[in-house]
Amino acid sequence: DAMVIQNPRYQVTQFGKPVTLSCSQTLNHNVMYWYQQKSSQAPKLLFHYYDKDFNNEADTPDNFQSRRPNTSFCFLDIRSPGLGDAAMYLCATSRQGNYGYTFGSGTRLTVV
Amino acid sequence: GESVGLHLPTLSVQEGDNSIINCAYSNSASDYFIWYKQESGKGPQFIIDIRSNMDKRQGQRVTVLLNKTVKHLSLQIAATQPGDSAVYFCAENPTSGTYKYIFGTGTRLKVLA
C-alpha cells in the first residue's frame, strides 16, 4: 500500500546530541512537510519542500534543519536538542498541496 | 494564526448518539478545509474536506458544514461509535497555492458506552 513511513516510531536522545528523524513515501507526492506536535496541541508546521524548494516557517528555530535528497525521502535534523524539543514529529505529504495531507504515524522524540 | 491551546476541549457523547464538533477558523480568504481524526499515538487521518464554494458535504456517517459568514466549520458524526474516540482537528488552507494548512486547536471526543 502506498504510504508515508516514519522511522523510528520512538527516539530517545541526549540533551544537545544531534538527532535525525526520517520520512519516506511511496505516494510520489511532490510536497513534503514536517510538523511538530506537543501534547494536547495542534500540529505546528516547521517547514516544507515543494519538490526541491525548501520553505522554512518564520518562527522555526535554527536548531531545526531538513534535507530532501530525492522525491521519496525527507529528513529532519535537530542539531542540539533541548528539553523543549520533546514532541511528536509528524511527516506529511501532499500532491501539489491542493488535496490535504497524508500523514505518517509520527516519531515521538524524548530528550533526556 | 497558529493554534496554541494547552487544554483540549472535550466532548463526551453516548454511544449511538450524534456528535457535533465545532471549529472557528481564522482567515476569511481560506478556500479549502479539512477535518482530521487523530487517535492516540498516531498521525492525523483525513476524514472529509470541503471547498469554500460549498456549505455542506456528506460522507459516510460524517457531514461537514461550512458557514463562511461567521468563519465556522462543524463536523457531525452520526451514530457515534467507540472507534470514533479521538482528537479531531480542523485545518484551513489560508492562501490558495501556498500548500500549507493551519490546524485548529482540536477537540477530544470521548464515546461513552
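Fair warning: this is a prediction, and the values are worked out from it, not measured in the lab. Residue numbers run consecutively from 1 along every chain, following the written order of its sequence. Whichever chain is written first becomes A and whichever ligand is written first becomes 1, with later ones labelled in order. Side-chain atom pairs in this predicted model are given and counted only at pLDDT of 80 or more, local residue features only at pLDDT of at least 70, and totals for whole chains, interfaces and linings cover all residues. With hydrogens and water excluded, all non-hydrogen atoms of the structure serve as input to the side-chain values.

**Comments concerning the overall build of chain A**
Argument step 1. What chain A contains, in helices and strands, is zero helices and eleven strands.
Argument step 2. N-terminal to C-terminal, the α/β element order of chain A is β-β-β-β-β-β-β-β-β-β-β.
Argument step 3. Using C-alpha atoms as the atom set, the radius of gyration is obtained and then compared with a globule rule of 2.2 Å times the number of residues to the power 0.38. Taken over C-alpha atoms, the radius of gyration comes to 13 Å for chain A, in line with the 13 Å a tight globule of 112 residues would show.
Argument step 4. With the principal axes as the frame, chain A shows a C-alpha extent of 35 × 30 × 30 Å.
Argument step 5. Relative to its 112 residues, chain A shows a buried fraction of 52%.
Argument step 6. For chain A, long-range pairs separated by at least 24 residues make up 55% of all intrachain contacts whose partners lie at least 6 apart in sequence.
Argument step 7. Note on areas: Shrake-Rupley, 1.4 Å probe, and residue coverage restricted to the protein chains presented here. As displayed, chain A offers around 5,300 Å² of accessible surface, 47% of which is attributable to carbon and sulfur atoms.
Argument step 8. His is not counted, nor are the chain ends, whereas Lys and Arg count as positive and Asp and Glu as negative. Charge placement uses NZ in Lys and CZ in Arg. For Asp and Glu, CG and CD serve respectively. Across chain A, the 10 positively charged side chains and the 8 negatively charged ones have centroids separated by 6 Å. Each helix is a run of H or I in the DSSP string that is no shorter than four residues. Each strand is a run of E no shorter than two, and both are numbered from the N terminus. A 1.4 Å probe rolled over the protein chains alone gives each residue an accessible area, and that area as a share of the maximum for its type sets the label: buried under 20%, exposed over 50%, partly exposed in between. Whether two residues are in contact is decided by their heavy atoms, any of which lying within 4.5 Å being enough.

**Digging into the pairing of strand E3 (residues 19-25) of chain A**
Residues and elements named next belong to chain A.
Argument step 1. Buried residues dominate E3, accounting for six of its seven residues.
Argument step 2. What makes two strands pair is DSSP finding at least two bridges between them. Examined bridge by bridge, strand E1 (residues 4-7) and E3 share four bridges and lie antiparallel to one another. From the neighbouring strand, Val 4 faces E3, where its bridge partner is Gln 25.

**Overview of the pattern of salt bridges**
Residues and elements named next belong to chain B.
Argument step 1. Within this document, salt bridges are pairs made up of a side-chain nitrogen of Lys or Arg and a carboxyl oxygen of Asp or Glu, the two lying within 4 Å of each other. In the structure shown here, the tally under the stated rule is six salt bridges over all chains.
Argument step 2. The shortest N-O distance in the salt bridge between Lys 42 and Glu 39 comes to 4.0 Å.
Argument step 3. Among the residues examined, Lys 42 registers a relative accessible area of 43% and is labelled partly exposed.
Argument step 4. Taking the relative accessible area as the measure of exposure, Glu 39 reaches 28% and is therefore partly exposed.
Argument step 5. Notably, a salt bridge pairs Arg 61 with Asp 84, separated by 2.9 Å at the nearest N-O pair. Of the two residues, Arg 61 is situated in the loop between strand E5 (56-58) and strand E6 (62-67) and Asp 84 in the loop between strand E7 (72-77) and strand E8 (86-92); the sequence distance between them amounts to 23 residues.
Argument step 6. Here Asp 84 falls in the buried class, since its relative accessible area comes to 7%.

**Some words on the interface of chain B and chain A**
Argument step 1. Taken together, the contact between chain B and chain A spans 24 residues of the former and 25 residues of the latter.
Argument step 2. Together, the buried faces of chain B and chain A total about 1,900 Å²; carbon and sulfur atoms form 52% of this surface.
Argument step 3. In this structure, the connection of chain B to chain A is made through one salt bridge.
Argument step 4. When the shortest N-O distance is used, the salt bridge between Lys 100 of chain B and Glu 57 of chain A registers 3.0 Å.
Argument step 5. By the criterion applied in these results, polar contacts are pairs of N or O atoms within 3.5 Å in which, for protein atoms, one can donate a hydrogen and the other can accept it, and in which residues neighboring in sequence qualify only through two side-chain atoms. Linking chain B with chain A are six residue pairs in polar contact (both at pLDDT 80 or more), by the criterion used here. Two parts placed together each lose some accessible area under a 1.4 Å probe, and adding up what both lose gives the buried area.

**Some points on the state of the cysteines**
Argument step 1. When two cysteine sulfur atoms are found within 2.5 Å, that pair is recorded as a disulfide. Scanning all chains against the criterion turns up two disulfides over all chains.
Argument step 2. Here Cys 23 of chain A connects covalently by a disulfide to Cys 91 of chain A, the sulfurs 2.0 Å from one another. Between Cys 23 of chain A and Cys 91 of chain A the disulfide shows an S-S torsion of about -70 degrees. By sign, it is left-handed. Highlighted residues: Cys 23 of chain A in strand E3 and Cys 91 of chain A in strand E9 (residues 87-94), separated in sequence by 68 residues.
Argument step 3. Residue pairing for Cys 23 of chain B: its cysteine sulfur links by disulfide to Cys 90 of chain B, the two sulfurs lying 1.6 Å apart. Of this pair, Cys 23 of chain B sits in strand E2 (residues 19-24) while Cys 90 of chain B sits in strand E8, and the two are 67 residues apart along the sequence. Take Cys 23 of chain B and Cys 90 of chain B: they sit in the same class, and that class is buried.
Argument step 4. The cysteine Cys 74 of chain A is free of any disulfide, with Cys 91 of chain A supplying the nearest cysteine sulfur at 6.0 Å.

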